[in-house]
Amino acid sequence: IAHVKEPPKKDKPKPTSAGDFFGSSYKLNSPEQQSKEVAVAAWIGRTALPARTVEDEDFIMMMGKIDKRFTVPKKTKVSNLVNEAYVEQQEKFRHRLSVARKVTLGLDIWTKKGLTASFIAISACYFNPEDNKAEHILLNLKEMVHPHTAQAISALVEESIEAWGIPKEKILTTITDNGSNMVAAFPFHTAEEATTSEDSELDSDSEHSEDGDENNNNVLQEGEDDRYDYGTMERTPCVVHTLQLVVNMLLNKEPSIRRLLDKTRHLVNQFRKSSVATERLLQRSALVLIKDCPTRWSSCYSMMARCLQLKDHVTAVAESMGWDSLQPSEWQKIGMLRDLLLPFAEHTKLLQSDTQSLSLVVPALLDLRNHLSEFSLAYARTYRDAASLAQKMLSNMERRFSVFLDVTAAKFSPLAAAACFVDPSVSAETLIENDDEGMQDLLRKAEDYIAHCVPRRVEVRVEQVTDDEEPENVDREAPAETTPAKRPRFKFFSASRPARPKTPMTTNIRQEILKYKGGLSNQAASATNTEVEESGIEFWISQSPMVFPHLKPLALDLLAMPASQAFTERVFSVTGYLSSGRRNRARAILERSAFLKINKSK
């Protein structure tokens, strides 16, 4: 029998789209196909996955299960779509930055594990007048080379703001941590070192002012001799980072407290390293102990709070394991230390928001100052070491935060006080109605700063309505019962009398400040015990620009500012994920992926 040679079998073509599995597909130029391509490209761009992922057979099968008519695009098209989305987002935020009146920068540096690469994140916070909301966006994520000098940091920031077209005069401040390189990158400039070009320009223009205009003279008198000029790249310390430096005094200032914390930390580490103890604790409470980390905010408080929460379970499990637990007196002292750190943890959580937290800095610092004073008095006899620690923390906090609270400090900045002043939810209680001499000095500095932020010769003329004209916003429908109008004595003379010309009324920033303070005082006098639910930005959005033409835009810009650079810290949390695993070497697309992921909801 002759054997017939069979022709070789051809390999089946590799599927490239869901249509290869399920039949008909969308047209390539249909809206359904294009919208799904954009969604896939957005997913690839934000997760830093390689574009070749879309050509994986399992991925194509998955998309076919989701929508059998969708044709998965090739990696080249996905790469182009990601780049287009990146450019489109950049142009959108470049426009928003151009219409923003003031911008606050934030930056921080992050180094990967193994010290293989370092990156600097630069963010921008501003009030968006088109959407009437505060926004915080990531501008750049640039790779840095060692050493991280002040010159290198300053050069990268200059490069970033130049690329985004942000004028230096538009930058209110730059928020950084307290590292020596950050401090040196943005040196402090005193008022004497600042330029006086605006003053000279005012002197030259004053010859052209109108004579006899009383309101105009008031405007020219806005500029006192102690004019503020803090430069365009001044640095503001991150409030949350600085608070943690005060909290860390708990670890090294009092030997007895340090020994107690070391014993607590040792007990927590025993549980964390023992799977048996951890399982027994989970069976009892469904929770585990928290290990503290010196660089993590409020971690020491979290460790003590969790230990106290699971006190009975921890004691029982430690006894079953044959470990030494804490004595009752030590548990009591841990509770006292937790109470000491509780306000710090609460204010840290409040002040680490991305926007609208600078106005809360002054009241938060005053609250912490009073807390430490009361704590030291309450435990002066029972726990002298804790009372002494509270006094040391108070002294340290006053020194570190003199930039916000002490008007006589060399590096005093009125930004926080000014933001507090324009926030109606805290202004009255903190500054306006506070009889403390230091707070009144702070109030005056805040008012002066706000007044000097407005150009001296800027005027807003509001035309007064004549007697014979009816305002546009007045309801023309007469009420049901009104008092009859008085008949003029000289009827025909009154009818032929010429109308008075419209008199322009000039307003200035000082008048607006007094009007705002008067409104807050009246509101406080008639307020009930219920708290004000309206935020500062909501209050100023509801105000008429004719009533506060100067103060309203400046208040919105100040209230939008953050108190910390925690935003860039969160950027690095995302960045660590985007550069992990097989994406470890994807530095070229890391900035693009972080930009798309962080700014996706803006």
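Keep in mind that what you see is a predicted model, and the values were worked out from it rather than measured.

Right, let's get into the side chain of Q33. Mapped onto the elements, Q33 comes out in helix α2 (residues 31-47). On the basis of relative accessible area, Q33 is assigned to the buried category, the value being 0%. For Q33, the residues in contact, after removing those within four places along its chain, are Y26, K27, L28, R69, F70 and T71.

Okay, the pattern of salt bridges next. Summed over all chains, the structure comprises 18 salt bridges. With a closest N to O distance of 3.6 Å, K36 and D67 form a salt bridge. Within this pair, whereas K36 is found in helix α2, its partner D67 is found in the loop between α3 (57-66) and α4 (75-99), the two being separated by 31 residues in sequence. Classification of K36 by relative accessible area gives partly exposed; the value is 27%. For D292, the salt bridge is made with R265, and the minimal N-O distance between the two is 3.1 Å. Of this pair, D292 sits in the loop between α11 (275-285) and α12 (299-309) while R265 sits in helix α10 (residues 255-273), and the two are 27 residues apart along the sequence. Several salt bridges share partner residues, and in doing so they unite R96, K133 and E135 into one network.

Further remarks concern the packing of α4 against helix α26 (residues 590-598). Between α4 and α26, the least distance of the axes is 10 Å, while the angle of their chain directions is 60°. Taken together, the axes of α4 and α26 are oblique relative to one another. Both α4 and α26 take part in a crossing whose hand is left-handed. On the side of α4, the interface is formed by V82, N83, A85, Y86, Q89, Q90 and F93, while α26 contributes E591, R592, F595 and L596. Along the lines of polarity and charge, the residues of the contact of α4 with α26 split into 6 nonpolar, 3 polar and 2 charged.

All chains considered together, the criterion is met by 15 aromatic pairs. For the ring pair W164 and F595, a centre distance of 6.0 Å and an interplane angle of 25° mean the geometry is stacked. Pair noted here: W164 is in the loop between α5 (150-163) and β4 (171-176) and F595 is in helix α26, with a separation of 431 residues, a long-range link. Here the two residues W164 and F595 agree in accessibility, since each one is buried. Ring geometry for Y516 versus F539: centroids 6.3 Å apart, planes at 55°, classification tilted.

With mixed pairing, the 5 strands of this open sheet are ordered in space as β3-β2-β1-β4-β5. In the strand order of this sheet, the two ends are held by β3 (133-144) and β5 (235-237), each with one partner. Across the sheet, the mean angle separating the axes of adjacent strands is 25° when strand polarity is ignored. Sheet analysis places β4 next to β5, joined by 3 bridges and oriented parallel. Bridged to I175 within β5 is T236.

Parameters and conventions
- Residues numbered from 1 in each chain as written.
- Predicted model: local features only at pLDDT ≥ 70, side-chain atom pairs only at ≥ 80, totals over all residues.
- Heavy atoms only, no water.
- Helix = DSSP H or I, 4+ residues; strand = E, 2+ residues; numbered from the N terminus.
- Buried < 20%, exposed > 50% of the residue type's maximum accessible area, 1.4 Å probe, protein only.
- Contact = heavy atoms within 4.5 Å.
- Salt bridge = Lys/Arg side-chain N within 4 Å of Asp/Glu carboxyl O.
- Axes fitted to C-alpha atoms, helices over the stretch in contact; angles between N-to-C directions.
- Parallel < 35°, antiparallel > 145°, perpendicular 65-115°, else oblique.
- Left-handed = near helix turned anticlockwise from the far one by under 90°.
- Nonpolar A, V, L, I, M, F, W, Y, C, P; charged D, E, K, R; others polar.
- Phe/Tyr/Trp six-rings, centres within 6.5 Å; stacked < 30°, edge-to-face > 60°.
- Pairing = 2+ DSSP bridges.

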